[in-house]
Amino acid sequence: MIIEHPLLGPRDAQEFTCLGDASLINRPDWQEDDAVNRFYEYLYLRDNPAGEHRELWYHEQGDRSWLVVTRNTVTHEILRVELAIDVARTARSKDRT
Amino acid sequence: MSTDNRLEGGLVDRSSSVRFSFDGASYTGFKGDTLASALLANGVRLMGRSFKYHRPRGPLTAGPEEPNALVELRGKNRREPNTRATTVELFDGLEADSQNRWPSLKFDALAINDLMPSLFAAGFYYKTFMWPKAFWEKLYEPLIRRAAGLGSLSGEPDPDVYDKGFLHCDMLVIGSGPAGLAAALAGGRAGARVILAEEDFIVGGRLNAESFSVDDKPGHEWARSVFDELSSMANVRILTRTAVIGAFDHGVYGALERLTDHLATAEPGKPRQVLWRIYAKRTVLCAGATERPIAFPNNDRPGIMLSGAIRSYVNRFATTPGKKVAIFTNNDDGLRTVTDLKAKGVEIAAVIDTRTDGPSIDNVTHFQGARVVDTKGRYGLQEITVEQANGKTCRIDCLALGVSGGWNPNVHLTCHQRGRPVWDESLAAFLPHGVPEGMQVAGAANGELSTAAAFATGARTAGEALEDLGFKATGGKLPQSEDDPVNISPFWYVEGKGRAWVDLQNDVTVKDIKLAHQEGYRSVEHLKRYTTLGMATDQGKTANITGLAVMAEATGKSIPETGTTIFRPPYSPVAIGAFAGRHRDMSFRPVRKTPSHKWAEEQGAVFVEAGQWLRAQWYPQSGETHWRESVDREVLATRKSVGICDVTTLGKIDIQGADATRFVNAVYCNAFAKLPVNKVRYGLMLREDGMVMDDGTTARLAEDHYVMTTTTANAGPVFRHLEFCRQCLWPELDVQLISTTEAWAQFAVAGPNSRGLLRKIVDRDFDLSNDAFPFMGCAEVTVCGGLRARLFRISFSGELAYEIAVPTRYGDALVRALMKAGEEFDVTPYGTEALGVMRIEKGHVTGNELNGTITALNLGMERMVSSKKDSIGTVLSRREGMNHGDALKLVGLRPVDASQAFAAGSHFMKRGDEASAANDQGYMTSVCFSPNLGHAIGLGFLKDGANRIGEVVRAVNPLQKQETEVEVVSPHFIDPEGERLRG
Amino acid sequence: MAEYQLEPINALGLSETVDAEIGLVRIVENNANSLASIAIRLGNEKKFSSSARKLLGFALPGPGESASSKTYSAFWSAPNQWFVEASEKSHADIAHILKEELAEMASVTEQTGGWCRFDIEGKTVTSMLERLCMLDMAGMKAGAANRSVIEHIGVFLLCRREHEAISVYGPRSMADSLHHALIAAAKSIA
């Protein structure tokens, strides 16, 4: 597979490791009343769609960027690649507003 | 029969004759021959024995699709079984042997199988040998294993080397027939980076096998001139002897280049083959088509081959498989062989056309609406029986029969991404459908079977691809060549009494397929597995479609309704060595060496692999005959005076930034917010699920600067985790991370005299006294007259101890200086074994304990998990199931009888309990012999262990049938109060 | 005067640098330089780039690129992070020198000991490295700097001259394995 790195262009997937569902970015608030349940859901209840899936990939043999890769798990087509830090910042600023 | 079947002309080089041997007999051929063509030229038609019935077989084809003519090449430890004689390039001194026969090719004892076909019919594995049941393992399976299979391996290590490689291009052209050459020319002239891959050793494909002219030149001359033009272009790379074996995601292709297989002697050390990974923005597949046979009774005798293959032998290799040849066809293309043979003066015995409306041929015995119904000739064809349109039969003498059932486009690579080809009625063939992204198909592979159409579609397809990529295709005039239709009338098999072979390699007959259908097999995938149709080295390249057609007829369905089996990589066989590449033996993976490696080698250290690292395990001294002697000595000497150990392998992560403190505090479960500058603290890192991920010490070098250490094994995973936290969880923090594991050579200096030793190394202006530099202090210092260094007062051994770090290139010098300075203290270097003994004696945990299922509570460190802050893993470590009273707790174990030993991995049972999983009380994680205590000691996890100190349990090791009574004790065997390390 | 003198050794463990000529390529161990990483502190981007430019004599290069002046060269290693290189003779403690100038604007980390460097020159550099590395070696322009893998070893590859000269930086502990891989590939194509 080839991942189109937002900064470095097309790079072989061999340079990356995959972590899974990009929802791991949205870590719950530890001070919520039902924090244990929220963390449980965050960590264990993930979707495993046949089709479009947002995944976290780490450019371990490259620039050490975490990427959010939107990939079709059936065709392997990669539809979008973003820097996870940008995705996380956007998510955080939305949380605040 | 004449032994000289060599003809005039052809593309062989008559000026270089080549000597070779087959089954020990010597022959002569020419450069440019294949093994098969040279054997045929010498009158040898019998080249192999079939898989099940050991039937005599000769080549069916002249190319990589060959099912029959499989030989063993390159003797001894280079032996290569199942090599297709039709693709082996002849070289001087080539030695080939036939296979799957005993004692000889001509007299094969197992040919007796041929007399018992009912035993070996479809699914025979599942029927014949089913009873009595007890016979399977002892009798049948060994028998089948001995009889089955084709060639055999040498069983020795392959002495050759194989490379891997990576190529990038704008356009990959697969196949160099007319379509491929037209595509490559278009790409090359447009300035694109083109790779042209050709499995054969010359370019041209069918242009070399046919007698057509192209632009008034013989086709092969035209191909040669294009080869010359492409070779002159810097942007074009031609890879001959290179088979593209797989089409993978996103334009990645696998290709195997054979570099030295065609050489009499290869230079030592040069790779035999290269397995290329090709990254292509666009791919034009010009893989051509493969002719398929018609099945008829006894259609497997040597001399019966594909009609187009005969043209290859005649036109390219100047060889005829026999002096008298008959042709059996259902299409016009098959008739071309007649013309080409006649042109070379070979006698045509007869032409048998299944069609009644095919073109008529003059001056030849010509049967229309006829079929071949039987053949004769024990080791090679002698005679065929023809059933004419009027039902009469006649016998015809001939030494070869060319069969053409039409052409199958080579769609294999289009299917590697689960593309499913579609049936085309007019061509009676499957055409590519749903091809991989970035691939386009041209020429015969796409059903464009004429030469003119191949040129046109090759050029046009490449032009489209180039335009997509932003290149300007130059167009140019297309070469002129034949544009004749094939006029096929589908005809698959002849009914008759004898066995009609569909898959020659696996000995599958028309009857086998019908039997499979009778027995209820409906899906083609099941058919394949039940009959073995299309399996083994040729993957049914000449058999699959005919097999499908027979199946379709049996089921009363159409061929498209029946569907095809799926094609998977590799397209053609690849030696396992090529997949391994350089990664074998000592080069299996890279080795990491510590800064003191060279010095340790000089000391005669015994090394151990710790992950990729090579670490000194112990340092034997003269007279020591057992490793325990060395290790015990190292431990005792360190505890008595001072020892030195290279600890560079521990991961070191440099953490800086205005928010470095917040970050460190959030990734460790224990409190770090108030760690003062120049102090070190033990840190426990949890995973988000509350399990312990890693532990280590972290030093605060400045307000905004930390150095974290990780265990050796977890250096990579912890760094990845920290980057995840930084980028994905807390992107608003000002934190920068970088690994410095290798940048510093770090040594533990441990033992009561460690301070005394370091006083001689650390420059005088730094005060090493206990007051000025107490336990868990750290400082940036200089050593040996000004070299910058880092000093940490931390202890893994439990002794007064330091770790000292210098820039890596000085590590070798530092260990020598430490050893010299330590002479007065009888300093001892110690290895990982002594390190392990001392940490077990001290009760420190390591990877053995932090096994991924262990929580802070299990370690007795639950009070370290701060509930006042947000850190990874703290919330989920509160889960009820992880906090019950019966939870495992870290304890120490010692044998009740001090002379007894026990093993790590043993499980604990209560004294009276039966040793069973239900009674399991926990397990032993680390064990060593403590030279200080004089008996074995262990660490382990025991249910509610903290409250069971003093209890005696059994350490049970059923694997080694070992059982030892052990007393539960504190995990701190040595200096439980920690007075030594604070001293 | 200190009692013990510390002499550095090379990444391949010798006191002389290893220099091998195989076919048309030459592979030379380079121990002459110091290395440090610099990373921008959050919010200091503007100030940092002008200070860095003044200090280094060039603007810090973008992703996949390198730049150099008489004293310094630098290559991009990660977002907001670069490796800076200078002669060991003049910049033995390069991290300290850079930190003095960049102060609170950047995190600076000494990297000299972490890496080994091999300079490869010759007409067949591209064919040699395409046996080792998945990057597009033939398409690499002078100044390109990329991190990737050679035989399971994480490396930086810097193109000094297109198709002619490449420097490979690998983890110092793996210098022997990396050197072995380079030599083997050079022999393969010689």
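Reading guide: rules and limits
Residues numbered from 1 in each chain as written. Chains lettered and ligands numbered in written order. Predicted model: local features only at pLDDT ≥ 70, side-chain atom pairs only at ≥ 80, totals over all residues. Heavy atoms only, no water. Helix = DSSP H or I, 4+ residues; strand = E, 2+ residues; numbered from the N terminus. Rg over C-alpha atoms; globule rule 2.2 N^0.38 Å. Buried < 20%, exposed > 50% of the residue type's maximum accessible area, 1.4 Å probe, protein only. Areas by Shrake-Rupley, 256 points an atom, 1.4 Å probe, with all protein chains shown as cover. Contact = heavy atoms within 4.5 Å. Pairing = 2+ DSSP bridges. Axes fitted to C-alpha atoms, helices over the stretch in contact; angles between N-to-C directions. Buried area = accessible area lost by both parts, 1.4 Å probe. Salt bridge = Lys/Arg side-chain N within 4 Å of Asp/Glu carboxyl O. Polar contact = N/O pair within 3.5 Å; in protein donor to acceptor, adjacent residues only side chain to side chain. Nonpolar A, V, L, I, M, F, W, Y, C, P; charged D, E, K, R; others polar. Core = buried A, V, L, I, M, F, W, Y, C linked by side-chain atoms within 4.5 Å. Phe/Tyr/Trp six-rings, centres within 6.5 Å; stacked < 30°, edge-to-face > 60°. Lys NZ or Arg CZ within 6 Å of the ring centre and 35° of its normal. Disulfide = S-S within 2.5 Å.

Visitor: Looking at this model, I keep getting lost on the overall build of chain B. Mind explaining?
Guide: Along its length, chain B carries 21 helices and 50 strands. Taken over the C-alpha trace, chain B has a radius of gyration of 38 Å; the compact-globule value for 983 residues is 30 Å, which it surpasses by more than 25%. For chain B, the spread of C-alpha atoms along the principal axes amounts to about 115 × 70 × 55 Å. For chain B, the residues scored as buried account for 61% of the 983 residues in total. Here chain B has roughly 37,900 Å² of accessible surface; of this, 51% comes from carbon and sulfur atoms.

Visitor: It is not clear to me how the overall build of chain A should be interpreted in this structure. Could you clarify?
Guide: Of the regular secondary structure elements, chain A holds two helices and six strands. N-terminal to C-terminal, the α/β element order of chain A is β-β-β-α-β-β-β-α. With respect to the three principal axes, the spread of C-alpha positions in chain A is 45 × 25 × 25 Å. Buried positions account for 51% of the 97 residues belonging to chain A. The long-range fraction of contacts in chain A, counting pairs at least 24 apart against all pairs at least 6 apart in sequence, stands at 45%. Carbon and sulfur atoms make up 45% of the accessible area of chain A, which amounts to about 5,000 Å² in all.

Visitor: Would you take a moment to explain the sheet that holds strand 3 (residues 33-40) of chain C for this structure?
Guide: Adjacent strands of a sheet form backbone hydrogen bonds with each other and so pair up, either parallel or antiparallel. Residues and elements named next belong to chain C. Spatially, the five strands line up as an open sheet ordered 4-5-6-3-7, and their pairing is antiparallel. Every interior strand has two partners, whereas the edge strands, strand 4 (66-68) and strand 7 (106-110), have only one. For this sheet, the mean inter-axis angle between neighbouring strands, taken without regard to orientation, is 25 degrees. Direction of pairing for strand 3 relative to strand 7: antiparallel, over a ladder of five bridges.

Visitor: Would you mind going over the interface of chain B and chain A with me for this structure?
Guide: Interface size is commonly expressed as the accessible surface area that is lost when the partners come together. Tallying the contact residues gives 28 residues for chain B and 32 residues for chain A. Sorting the residues of chain B by area buried against chain A places B:His250, B:Arg720 and B:Gln727 first, and these three jointly supply 21% of that buried surface. Between chain B and chain A we count five salt bridges in total. Note that B:Arg720 and A:Glu60 form a salt bridge whose closest N and O atoms lie 2.9 Å from each other. If you look at where chain B meets chain A, you find 14 residue pairs in polar contact (both at pLDDT 80 or more). Listed by contribution, the elements that provide at least two residues to the side of chain B that touches chain A are strand 15 (271-285) and helix 17 (715-729) of chain B. Here the element with the most residues in the side of chain B that touches chain A is helix 17 of chain B; it accounts for eight residues.

Visitor: Please explain the interface of chain B and chain C as it appears in this structure.
Guide: At the junction of the two partners, chain B supplies 59 residues and chain C supplies 52 residues. Summing both sides of the interface, chain B and chain C together bury roughly 4,400 Å²; the carbon and sulfur share of this comes to 49%. Along the contact surface separating chain B from chain C lie eight salt bridges. Among the ionic pairs, C:Glu110 bridges to B:Arg788, the shortest N-O distance being 2.8 Å. Where chain B meets chain C, there are 36 residue pairs in polar contact (both at pLDDT 80 or more). Put simply, the parts of the chain that give the side of chain B that touches chain C at least two residues each are strand 8 (161-174), strand 15, strand 31 (592-593), strand 35 (651-656), strand 39 (736-739), strand 42 (787-792) and helix 19 (811-821) of chain B. For the side of chain B that touches chain C, the per-class residue count stands at 28 nonpolar, twelve polar and 19 charged.

Visitor: Help me understand the side chain of B:Arg301 in this model?
Guide: Residue and element names in this part refer to chain B. Note that Arg301 resides in the loop between strand 16 (289-291) and strand 17 (304-306). There is a polar contact of 2.9 Å between the side chain of Arg301 and the side chain of Thr375. A distance of 3.0 Å separates a polar side-chain atom of Arg301 from the backbone oxygen of Gly377. The contacts of Arg301, once residues within four sequence positions are left out, are Thr375, Lys376, Gly377, Arg378 and Leu381.

Visitor: I keep staring at the pairing of strand 24 (residues 400-404) of chain B and nothing clicks. Help me out?
Guide: Looking along a regular strand, one sees the side chains alternate between the two faces of the sheet. Residues and elements named next belong to chain B. Most of strand 24 is tucked away, with five of its five residues classed as buried. The side-chain alternation of strand 24 yields two buried faces, one formed by Ala400, Gly402 and Ser404 and the other by Leu401 and Val403. Relative to strand 24, strand 18 (residues 324-329) runs parallel, the two being bridged by five bridges. Along strand 24, the bridge assignment pairs Ile327 with Gly402.

Visitor: Honestly, the nonpolar core in this entry has me stumped. Any pointers?
Guide: What tends to happen in soluble globular proteins is that the nonpolar side chains get buried as a cluster. Formed by 49 residues in total, the largest nonpolar core has its most connected members in B:Phe20, B:Phe22, B:Leu35, B:Leu39, B:Leu94, B:Tyr313 and B:Leu341. Counting residues per element, this core draws most heavily on helix 1 (residues 35-41) of chain B, at five residues. Sequence-distant contacts of B:Leu39, defined by excluding residues within four places in its chain, comprise B:Phe20, B:Phe22, B:Tyr27, B:Val44 and B:Met47. Ranked by size, the runner-up nonpolar core spans 43 residues in total, among them A:Trp30, A:Val87, B:Ile653 and B:Tyr706.

Visitor: How should I be thinking about the packing of aromatic side chains in this particular structure?
Guide: What characterises a pair of aromatic rings is the spacing of the ring centres plus the angle enclosed by the ring planes. Under the defined criterion, the tally for this structure stands at 26 aromatic pairs over all chains. Between B:Trp618 and B:Trp627, the ring centres sit 5.9 Å apart and the planes meet at 35 degrees, which makes this aromatic pair tilted. Residue class for B:Trp627 comes out partly exposed when judged on its relative accessible area of 37%. Ring geometry for C:Phe75 against C:Phe83: centres 5.4 Å apart, planes inclined by 20 degrees, an arrangement best described as stacked. Here C:Phe83 falls in the buried class, since its relative accessible area comes to 2%. Taken together, the ring pairs in this structure connect C:Phe75, C:Phe83, C:Trp115, C:Phe156 and C:Tyr169 into an aromatic cluster. The ring of B:Tyr571 has B:Lys541 lying over it, and the distance from NZ or CZ to the ring centre is 4.6 Å.

Visitor: I tried to follow the state of the cysteines on my own but got confused; where do I start?
Guide: All names here are of chain B. Enumeration according to the criterion identifies zero disulfides over all chains in this entry. Of all cysteine sulfurs, the one in Cys645 lies closest to Cys928, which takes part in no disulfide; the gap is 15 Å. Relative accessible area serves as the criterion here: at 11%, Cys928 is assigned to the buried category.

In short, geometric facts, not functional conclusions.
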